[in-house]
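# Structural features, examined
Here's the letter readout for the chains.
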Amino acid sequence: MSSSAHPTRRSLLAAAAIAPLIVPEVAAQSGTAAPAGDLSFPKGFRWGTATSAYQVEGATTADGRGPSIWDSFCREPGRIRDGSNGEVSVDHYHRYKEDVALMKALGVSTYRFSIAWPRLFPEGRGAPNPKGLAFYDRLVDELLANGIMPFATLYHWDLPQALQDRGGWESRDTAQAFADYAGFVASKLGDRVSHFFTLNEMRTFIELGYGNGSFAPGLVLPKARLYQARHHAVLGHGLAVQAVRANGRGNIKVGMAENIMTALPAVETLKNIHAAELATREMNAAYLTVMLEGRYTDAYLAAAGADAPRFTADELRTISTPVDFVGINVYAPGAYVEASDAAPGYTAIPLPRSYPHMESRWLTFGPDTLYWAPRQVARLWGVKDIYITENGTSAADQPAADGKVYDIDRVMFLRQYLAQLRRATSEGVPVRGYFVWSLLDNFEWLEGYSIRFGLHYVDYLTLKRTPKLSASFYKKVIARNALV
Ligand code: FCB
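Fair warning: this is a prediction, and the values are worked out from it, not measured in the lab. Starting from 1, residues in each chain are numbered consecutively following that chain's sequence as written. A pLDDT threshold of at least 70 governs which residues receive local features in this predicted model, and a stricter bar of 80 or more applies before side-chain atom pairs are shown or counted, although totals over entire chains, interfaces and linings include all residues. The side-chain values count all of the structure's non-hydrogen atoms but skip hydrogen atoms and water molecules.

Assigned secondary structure in the chain consists of 18 helices and 13 strands. Expected size for 484 residues packed as a compact globule is a radius of gyration near 23 Å; at 21 Å, the chain falls within 12% of this value. Once the C-alpha set of the chain is aligned to its principal axes, its extents read approximately 60 × 55 × 45 Å. Relative accessible area decides the class of each residue, using a 1.4 Å probe on protein chains only: under 20% of the type maximum gives buried, over 50% gives exposed, and in between gives partly exposed. A total of 484 residues make up the chain; the buried ones form 60% of that total. Every residue pair with non-hydrogen atoms within 4.5 Å of one another is taken to be in contact. For the chain, the proportion of contacts with a sequence separation of at least 24, taken over those separated by at least 6, is 78%. Throughout, the Shrake-Rupley method with a 1.4 Å probe supplies accessible areas, and for residues the shown protein chains are the sole cover considered. Put simply, the chain shows about 18100 Å² of open surface, and 54% of that area lies on carbon and sulfur atoms. Averaging the positions of the 50 positive and the 48 negative side-chain charges in the chain gives two centres separated by 3 Å. Each helix corresponds to a stretch of at least 4 residues labelled H or I by DSSP, and each strand to a stretch of at least 2 residues labelled E; elements are numbered beginning at the N terminus. C-alpha atoms define the radius of gyration, and 2.2 Å times the number of residues to the power 0.38 defines the globule rule. None of His or the chain ends enter the tally, which takes Lys and Arg as positive and Asp and Glu as negative. In this description, the location of a charge corresponds to atom NZ of lysine, CZ of arginine, CG of aspartate or CD of glutamate.

Time to look at the sheet that holds strand S9 (residues 346-349). Across the sheet, which stays open at both edges, the three strands sit in the order S6-S8-S9 with mixed pairing between neighbours. Lying at the two open borders of the sheet, with one neighbouring strand each, are strand S6 (263-265) and S9. Shown here is a sheet whose adjacent strand axes are inclined to one another by a mean of 45°, direction ignored. Two strands qualify as a pair provided DSSP detects at least 2 bridges between them. With three bridges joining them, S6 and strand S8 (residues 335-339) adopt parallel strand pairing. The partner of Leu264 across the bridge, within S8, is Tyr336. Every axis in this analysis is a line fitted to C-alpha atoms, fitted for helices over the stretch in contact. Angles between the N-to-C directions lie between 0 and 180 degrees.

Further remarks concern the pattern of salt bridges. Take a side-chain nitrogen of Lys or Arg and a carboxyl oxygen of Asp or Glu: if they are within 4 Å of each other, that pair is a salt bridge. Enumeration over the complete set of coordinates arrives at 28 salt bridges. Residues Arg192 and Asp141 are paired through a salt bridge, measuring 3.0 Å at the closest nitrogen-oxygen approach. A residue pair is termed long-range when its members are at least 10 positions apart, and Arg192 in the loop between helix H9 (172-189) and strand S4 (195-200) and Asp141 in helix H7 (residues 130-145) qualify at 51 residues. Note on Arg192: relative accessible area 22%, which makes it partly exposed. Taking the shortest distance from any N to any O, the salt bridge between Arg295 and Asp298 comes out at 2.8 Å. Arg295 gets classed as partly exposed once you look at its relative accessible area, which sits at 30%.

A few words now on the packing of aromatic side chains. Only Phe, Tyr and Trp rings are paired, with Trp represented by its six-membered ring, and only when their centres lie within 6.5 Å; those with planes under 30 degrees apart are stacked, over 60 edge-to-face, the remainder tilted. Counted under the stated rule, the structure contains 50 aromatic pairs. Plain terms: the ring middles of Phe151 and Tyr387 are 5.5 Å apart, the flat faces sit at 80° to each other, and that makes the pair edge-to-face. Here Phe151, found in strand S3 (residues 149-155), pairs with Tyr387, found in strand S10 (residues 386-391); they are 236 residues apart in sequence, far enough to count as distant. Both residues of the pair, Phe151 and Tyr387, count as buried. Taken together, the ring pairs connect Tyr54, Trp70, Phe73, Trp157, Phe215, Phe443, Trp445, Tyr449 and Tyr460 into an aromatic cluster. Geometry around Tyr227 places Arg230 over its ring, the cationic atom sitting 4.7 Å from the centre. Sitting over a ring, as applied to charges here, requires NZ of Lys or CZ of Arg to be within 6 Å of the ring centre and within 35 degrees of the ring normal.

On to the site of the ligand. The nearness test applies per residue and asks whether one of its heavy atoms lies within 4 Å of the molecule or strand. Within the structure, the ligand sits among Gln55, His156, Trp157, Asn200, Glu201, Asn329, Tyr331, Glu390, Trp437, Glu444, Trp445 and Phe453. N or O atoms closer than or at 3.5 Å make up a polar contact, with two conditions inside protein: a donor-capable atom paired with an acceptor-capable one, and, for residues adjacent in sequence, both atoms drawn from side chains. Gln55 is positioned with one of its side-chain polar atoms (N or O) 2.8 Å from an oxygen atom of the ligand. At a separation of 2.8 Å, an oxygen atom of the ligand approaches a polar side-chain atom of His156. Protein burial of the ligand: of its 290 Å² of free accessible surface, 94% is covered by the chains. For the shell around the ligand, the class distribution of residues is five nonpolar, four polar and three charged. In the scheme used here, Gly and all other residues not listed as nonpolar or charged are polar, with Ala, Val, Leu, Ile, Met, Phe, Trp, Tyr, Cys and Pro taken as nonpolar and Asp, Glu, Lys and Arg as charged.

Right, let's talk about the sheet that holds S3 for a bit. In spatial order, the strands read S1-S2-S3-S4-S5-S7-S10-S11; together these eight strands close into a barrel with parallel pairing. Strand-to-strand, the axes of this sheet are offset by a mean angle of 25°, without reference to chain direction. Relative to S4, S3 runs parallel, the two sharing four bridges. By the bridge assignment, Tyr155 is partnered in S4 with Leu199. Against the sheet, helix H13 (residues 285-293) contacts strand S5 (253-258) and strand S7 (325-329), and its axis sits at roughly 155° relative to S5.

This part is about the nonpolar core. Core analysis: the biggest nonpolar cluster contains 144 residues, and Trp70, Trp169 and Tyr434 have the highest contact counts within it. Of all the elements, helix H11 (residues 223-247) adds the most residues to this core, at eleven residues. When neighbours within four sequence positions are excluded, Trp70 is seen to be in contact with Tyr54, Ile80, Trp157, Asp158, Phe215, Ala216, Phe443, Trp445 and Leu446. Residues belong to one nonpolar core when they are buried, are Ala, Val, Leu, Ile, Met, Phe, Trp, Tyr or Cys, and are joined through side-chain atoms within 4.5 Å. Core analysis: the next-biggest nonpolar cluster, separate from the first, contains nine residues, Ala275, Ala276, Leu278 and Met283 among them.

A cis amide bond, omega 5°, links Ala216 with the succeeding residue Pro217. When you line up the elements, Pro217 lands in the loop between helix H10 (202-211) and H11. Cis geometry marks the peptide bond from Trp437 to Ser438; its omega dihedral reads 15°. Along the polypeptide, Ser438 turns up in the loop between strand S11 (431-437) and strand S12 (456-458). For Asp63, which is not glycine, the phi dihedral falls at a positive 50°. Looking at where Asp63 falls in the secondary structure, it is placed in the loop between helix H3 (53-56) and helix H4 (69-75).

Listed below in structure tokens is the structure:
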């Protein structure tokens, strides 16, 4: 953790007073705790899988879709490890019925997909493209006909190129254009889609796209401009929450899908647990914290100094428009911390080189992240409905001689992470659902097709889908609503 994440003593005290502790005893009294030895999840828990438009759809020029920043970025030599792009991907645009059938066979009750903004508004704003919308009509109807609830993400990184040409997330207009598009979607799909996520992983697309340039649009901005882009992303979220509510019919629920940076207690003492909460609040200052508290932390602004974002009190109110739920993508531990008597109340311990990781180097194996992340969200911000909008792993999948894919490392990963999620739900942490990333192998951004995250193996020559061992594991978990 950098020194930029240090809060003042006063903000530490304020943070400490934010929410009551959730303790097992309390959960037991309120009847939410599971009996010992029971591996089940709460009744009505929603199981799902997740994908995103650019990663699975293909058909990037079909039916009037406009170009996105990922189309442009993939064309830049050296950007994508295998030189690939999302032009065909797994052709979900044409094979969505087959993919819904895969979901049905798994037994999921929900599916998290994203809507490609450039399909609906090829220029980002202006006249909508009815053919683009028609695809999502078909998909949503197919899901509902199969008893699967559609959960739609409005933005999973595929910004219309036309908006990037006018500044992208550096421009406040993009936040407004996003809200206009979000309102349009809610007015068209809101009769059948009850849950909307605004932006997927603001941290990722801003820090990597505008901070270190490794993601589209590939910019390395000076700090002040980066801080402003962050501000516009959370502002876009708040404006979109309002637009979805204003334009949707009935009982629409809306929230974000953010990749929380989670601090874990190095050793589970009460002092370290508390220190980890303080650290998580600071590490998410530009994203979850401002969206849920309506203020930038003192430490965040102090560290930013002259580079701090320009904002108004009114914008902060918009950014923190109450959400119906908080979605968090949970993969790897963000940091381990120990309590400290000196400000800011914790010290961070870097992960040693020997800390285990999965096929992707960044995906360090820390199952208890899936315990601490939702628990901290509930405790720090009093959130009553939480979804794990993504969790899953890459693996070096290879079909065996019998044609099957025995991804025992993915099964191990999911089982260990789900055990920690169950620990959370059994203590009364209000997690309502969980989405595996991903339904099927797909275009994994910088890694192209060289890294696989799916429960279904895709042969990229034939586009044939084959359930992996992890699919049969997940199917059993869902059928029993319990860890197996
Ligand atoms: C998340 C992204 C998702 C996928 C997984 C592996 O950060 O939201 O699109 O790439 O990582």
